[in-house]
Every structure is written in C-alpha cells, then in structure tokens.
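# Architecture and fold: a report
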Amino acid sequence: MEFVTLLGIYLCTVLAAVVLLCFCSGRKEGFLARSTSSASQVLSFVIPAQLQRVMQRGLHRFFHTRSCLFVGLNIALQVAVYGEYTWEVFVYCWELQFPLLLLLLPYLLLAGNMGCFILCSRTDPGKLSGKWNLKNVTITITLTVFLVSFTGIITKSNHASLVKVYAYDDVLFRKGIMCPTCNLEKPARSKHCSLCSVCVYRFDHHCVWVNSCIGAFNAKYFLLYLLTLAATATAIAIITAAFLIQVVLLSNLMEGRYLGDEGHEHAVDILFLIQHLFMIFPRIVVMLGFVMLLTLVLGAYCCFTLYLVLTNQTSDEWCRSRRYRSSHHLTPQPPGRQVVYRNIYSKGGWMNLKEIFTPPTVLERKKK
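Residues numbered from 1 in each chain as written. Predicted model: local features only at pLDDT ≥ 70, side-chain atom pairs only at ≥ 80, totals over all residues. Heavy atoms only, no water.

The name given to the protein chain in an unreviewed UniProt entry is Palmitoyltransferase, with the source organism recorded as Crotophaga sulcirostris. On record in UniProt, under Sequence similarities (unreviewed entry), the comment for the protein chain is "Belongs to the DHHC palmitoyltransferase family." What UniProt records for the protein chain under Catalytic activity (unreviewed entry) is the sentence "L-cysteinyl-[protein] + hexadecanoyl-CoA = S-hexadecanoyl-L-cysteinyl-[protein] + CoA". (UniProt positions renumbered as here; feature names shortened; annotations may be inferred.)

Written out as structure tokens, the structure reads:
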C-alpha cells in the first residue's frame with residue numbers, strides 16, 4: 001500500500017499548508033513569518049551566496065512583480081485536466097452510455113469560466129490615476145462590445161466625486177490620508193497596489209491567477225469566476241468518480257479476494273481498490289485526486305468569499321480588521337479612548353450582494 005500511504009501524506013501536507021496559510025494570513029508578524037525567517041537564516045549557511053541571490057530575484061519576480069506566470073500555470077493545469085478528461089474519461093463514459101448532457105457539462109462550465117476569467121482580468125477594477133492609457137481604454141471598449149459589459153477607468157478629474165461614495169469609518173479608513181505614489185487622497189475602502197502601481201477603488205486583493213487587482217468593477221466577475229471554477233472541478237470529480245465506481249461494479253471487484261504479503265487471502269477493501277484502480281487507470285486516478293483536492297480548496301475559498309460578499313467586506317478589510325482587533329486586544333487602551341471597530345458598510349445580505357453586481361456611484365448616491 002505504498003502508493004496509498006504516499007498519496008495520503010501528500011494530501012495531508014497540502015491541506016495542512018493551506019490551513020496554516022489561512023490561519024496566519026491576518027497576522028503581520030505571525031508564526032508563518034517567523035518560521036520563514038528562521039528557515040531562511042538556517043539555509044543561508046548551506047546555500048551558496050550566488051544561488052541565494054538568484055533564488056531571491058526569482059521569488060521576487062514571481063510574487064512581487066506583475067507577470068503572467070500564474071496565468072500560464074492556470075491555463076496549463078486546465079489543459080492537462082481537460083486533456084485527460086477528453087482523452088480517456090469522456091470516451092470511456094460514452095462507451096458506458098453516460099448521458100451526453102452530463103458529459104458536456106464540464107465544457108459548458110469551462111466556457112463560462114473562461115468568459116469570467118477574461119472579464120475579470122481585463123476589466124478595470126477601479127483605478128485612481130491621473131493618466132489616460134489609450135491602450136487600456138481600447139482593450140476595455142473592445143471587450144465591452146464583445147462581452148456586453150460596462151467598464152470605466154476613473155481618472156483624476158472624477159476623483160473628487162469618488163471620495164463621496166463611501167464614508168470614512170475613522171478606524172480602517174481615515175480622511176486626509178494621501179497616497180505618496182499616486183499623490184492622491186485615498187477614498188474610503190481604497191488601497192494602493194504595489195504590483196500594479198495604482199490606487200484601486202474598493203480594493204479587495206491582487207489576484208496572481210488573473211494577473212489583476214480585484215476591485216469594485218470586477219469583483220462580480222471574480223466571484224463568478226470562482227463559482228464556475230469550483231463547479232467545473234466538482235463536475236469533473238463527480239463524473240470521474242462515477243466512471244470508476246461503474247468499473248468496480250461491472251467487474252465485481254468488491255466480491256473478489258487477494259493474497260496478502262503473508263500468503264493469506266483477504267477481502268477487497270478500499271485501500272486495495274484504490275491501488276488496483278491506479279494500476280489500471282493511473283492518469284485518471286491522479287487527475288481525480290487533484291480535482292477532488294481542488295474542489296475542497298475552491299469550495300472553502302468560495303464560502304469565505306461569499307461570507308465577505310454578504311457582509312460587505314473585502315479581503316483587505318477583513319485582514320486589517322483582524323489585525324486591528326488583535327493589536328487592541330493585546331495593548332490596553334485608556335477607558336475614555338477605546339475605539340471599537342464596526343463594519344459601517346454592511347446593509348444586509350441582499351443589498352450587499354446587489355452592491356457587488358451594481359457598484360455604487362456618486363450619481364446614485366445623489367439620487368437618494
């Protein structure tokens with residue numbers, strides 16, 4: 001059972017790493033940062049200095065500069081999964097007379113996912129800039145006509161109007177704070193993205209998988225992109241698992257017996273069944289393990305994103321509020337100067353969801 005043991009260790013390691021990253025995400029100097037710093041100091045005595053510089057430049061380019069590396073990785077993984085699904089799973093399922101609509105469902109979800117990906121990556125998230133980039137405007141207008149979507153680049157001329165859309169809560173966002181890079185006053189719920197070198201209106205986070213910031217105007221596309229991606233992984237996992245179960249049932253494997261290492265007969269169990277299927281369909285089993293893990297991770301992230309949407313928070317605000325609460329919890333405050341953070345932007349679940357798909361503007365606020 002060496003394969004099953006290694007697969008279990010691999011899945012547990014990946015899940016533990018994801019949980020650790022989520023747990024430490026809201027801490028500026030948490031356990032993860034200290035552990036990484038300690039590990040770097042230990043490895044610095046082993047790895048040559050020249051190799052260290054090359055690794056630092058490579059890691060800086062991958063994670064601290066805007067590039068298409070993760071977009072290419074995203075496309076490569078989808079090509080690999082859909083190539084295996086089309087080459088083997090679809091053909092075998094068709095021979096077993098699976099419903100055609102069920103087999104075509106992953107392709108339909110892929111089309112929707114690619115559309116949301118293009119809209120999310122090419123839509124202006126809400127940039128505050130004094131420059132009018134003709135190339136970006138041309139691309140935006142082209143995608144607008146082709147995909148029936150409205151986008152707009154916020155220029156310095158309408159910055160004064162944008163400041164009036166959201167009120168300052170005087171805790172996470174304070175009036176009069178200037179961005180030293182853009183030389184603009186930061187509106188409430190905005191932040192400067194160091195990767196894109198712009199201030200983004202209702203900044204959520206910079207997503208390396210779409211190579212763009214997530215802001216007010218593309219948050220809805222990012223939400224749909226996540227949901228369709230999770231649905232795609234779930235559909236492929238269900239169809240692939242149904243195919244393997246059908247193979248087991250048709251071959252009566254569960255009623256068979258096998259000889260163990262001691263020479264004694266044993267009834268077929270789940271671990272033996274997984275190993276047996278891996279020997280017959282290695283690529284299909286590996287793909288199923290990958291999409292099942294992807295389904296779990298994406299499902300958890302979709303739930304977290306939906307929580308943020310329904311409570312009218314961004315990822316940046318959630319992290320900053322956690323840091324604010326933890327710092328004020330550890331540092332005693334004078335009784336007369338205690339400041340309690342409260343989310344003033346939430347208007348109820350339905351209105352919060354509506355705000356994602358129709359971001360508020362200063363014109364709408366004046367009508368009210």
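After that view of the structure, there is still more to cover.
### A look at the overall build of the protein chain
Across its full length, the protein chain carries 13 helices and ten strands. When each of the 368 residues of the protein chain is scored for burial, the buried share is 37%. In the protein chain, once contacts between residues fewer than 6 apart in sequence are set aside, the share between residues at least 24 apart is 65%. Here the protein chain displays about 22100 Å² of accessible surface, and carbon together with sulfur accounts for 68% of that area. (Helix = DSSP H or I, 4+ residues; strand = E, 2+ residues; numbered from the N terminus. Buried < 20%, exposed > 50% of the residue type's maximum accessible area, 1.4 Å probe, protein only. Contact = heavy atoms within 4.5 Å. Areas by Shrake-Rupley, 256 points an atom, 1.4 Å probe, with all protein chains shown as cover.)

### Observations concerning empty space enclosed by the protein
If you walk through the whole model with that rule in mind, you get four cavities of 30 Å³ or more. In this structure, the largest cavity occupies an estimated 130 Å³ of space. Counting residues per element, the ones that place at least two in the lining of the largest cavity are α8 (219-251) and α10 (282-310). The greatest single-element share of the lining of the largest cavity, amounting to four residues, is contributed by α10. (1 Å grid on protein atoms, 1.4 Å probe; cavity = no way out; pocket = protein on both sides within 12 Å on 5 of 7 lines; lining within 4 Å. Points joined across faces, edges and corners; volume = space filled by probe spheres on them.)

### Remarks on the packing of helix α4 (residues 69-95) against helix α5 (residues 100-122)
At a minimum axis distance of 11 Å, the contact between α4 and α5 shows a crossing angle of 170°. Viewed along their axes, α4 and α5 adopt a mutual orientation that is roughly antiparallel. Where α4 crosses over α5, the two elements pack in a sense that is left-handed. Between α4 and α5, the residues in contact are Val-71, Asn-74, Gln-78, Tyr-82, Tyr-85, Thr-86, Phe-90, Cys-93 and Trp-94 and Leu-100, Leu-102, Leu-103, Leu-104, Pro-106, Tyr-107, Leu-110, Asn-113, Met-114 and Phe-117, respectively. When the residues that make up the contact of α4 with α5 are grouped by side-chain class, the tally is 15 nonpolar, four polar and no charged. (Axes fitted to C-alpha atoms, helices over the stretch in contact; angles between N-to-C directions. Parallel < 35°, antiparallel > 145°, perpendicular 65-115°, else oblique. Left-handed = near helix turned anticlockwise from the far one by under 90°. Nonpolar A, V, L, I, M, F, W, Y, C, P; charged D, E, K, R; others polar.)

### Brief notes about the environment of Asp-169
Tracing the backbone through its elements, the reader meets Asp-169 in the loop between α7 (159-162) and β3 (178-179). Remark: the alpha-carbon pair of Asp-169 and Asn-343, spanning 174 residues in sequence, is separated by 8.1 Å. Apart from residues no more than four positions distant in its own chain, Asp-169 is found in contact with Tyr-341, Ile-344 and Tyr-345. A polar atom in the side chain of Asp-169 sits 2.8 Å from the backbone nitrogen of Phe-173. (Polar contact = N/O pair within 3.5 Å; in protein donor to acceptor, adjacent residues only side chain to side chain.)

### Overview of the side chain of Asp-204
Note that Asp-204 resides in the loop between β6 (198-200) and β7 (205-207). At 5.2 Å, Arg-202 is the nearest oppositely charged side chain to Asp-204, a buried residue that forms no salt bridge. Within the structure, Asp-204 has its side chain in polar contact with the side chain of His-205 (distance 2.5 Å). Excluding anything up to four places from it in sequence, Asp-204 contacts Ile-214, Thr-314, Ser-315 and Asp-316. (Lys, Arg positive; Asp, Glu negative; His and termini not counted. Salt bridge = Lys/Arg side-chain N within 4 Å of Asp/Glu carboxyl O.)

### A closer look at α4
Here α4 is 27 residues long and its end C-alpha atoms lie 38 Å apart, about the 39 Å a rise of 1.5 Å per residue gives. Along its length, α4 shows its largest kink, about 40°, at Thr-86. Gln-97, located one to two residues past α4, shows a positive phi value of around 65°. (Expected span 1.5 Å × (residues − 1). Bend = angle between axes of the 7 residues up to and from the residue.)

### Some words on the pattern of salt bridges
Tallying each qualifying case throughout the model produces seven salt bridges. The salt bridge partner of Lys-347 is Glu-355, with a shortest N-O separation of 3.3 Å. Taken together, the shared-partner salt bridges in this structure form one network comprising Arg-189, Glu-317, Lys-347 and Glu-355.

### What to know about the nonpolar core
Core analysis: the largest hydrophobic core is formed by 23 residues, its most contacted members being Tyr-85 and Leu-244. Elements with a minimum of two residues in this core: α4, α8, α9 (270-280) and α10. Excluding residues within four positions of it along the chain, Tyr-85 makes contact with Phe-90, Leu-102, Leu-103, Pro-106, Tyr-107, Ile-236, Ile-239 and Met-287. In terms of nonpolar packing, the next biggest core, distinct from the first, is built from 20 residues, Val-71, Ala-230, Cys-302 and Val-309 among them. (Core = buried A, V, L, I, M, F, W, Y, C linked by side-chain atoms within 4.5 Å.)

### Observations regarding the packing of aromatic side chains
Per the stated rule, a full pass over the model turns up 15 aromatic pairs. For the pair Phe-70 and Trp-209, a centre-to-centre distance of 5.2 Å together with 75° between the ring planes defines the contact as edge-to-face. Within this pair, whereas Phe-70 is found in helix α4, its partner Trp-209 is found in the loop between β7 and β8 (212-214), the two being separated by 139 residues in sequence. Taking the ring centre of Tyr-345 as reference, the NZ or CZ of Arg-189 above it sits at 4.4 Å. (Phe/Tyr/Trp six-rings, centres within 6.5 Å; stacked < 30°, edge-to-face > 60°. Lys NZ or Arg CZ within 6 Å of the ring centre and 35° of its normal.)

### Quick word on the UniProt feature "transmembrane region" (unreviewed entry) in the protein chain
Within this structure's numbering, the places UniProt gives as "transmembrane region" (unreviewed entry) are residues 6-24, 63-81, 101-120, 222-250 and 284-310. With 100% helix and 0% strand, the stretch residues 222-250 has end C-alpha atoms that lie 42 Å from each other. Helix and strand shares over residues 284-310 are 100% and 0% respectively, and the end C-alpha atoms of the span are 37 Å apart.

### Comments concerning unusual backbone geometry
You will see that Ser-197, though not glycine, has its phi angle at about 60°, which is positive. Summarising the element assignment, Ser-197 is placed in the loop between β5 (191-193) and β6. Judged by relative accessible area, Ser-197 falls into the partly exposed class, the value being 46%. At Asn-312, a residue that is not glycine, the phi angle is positive and equals roughly 55°.

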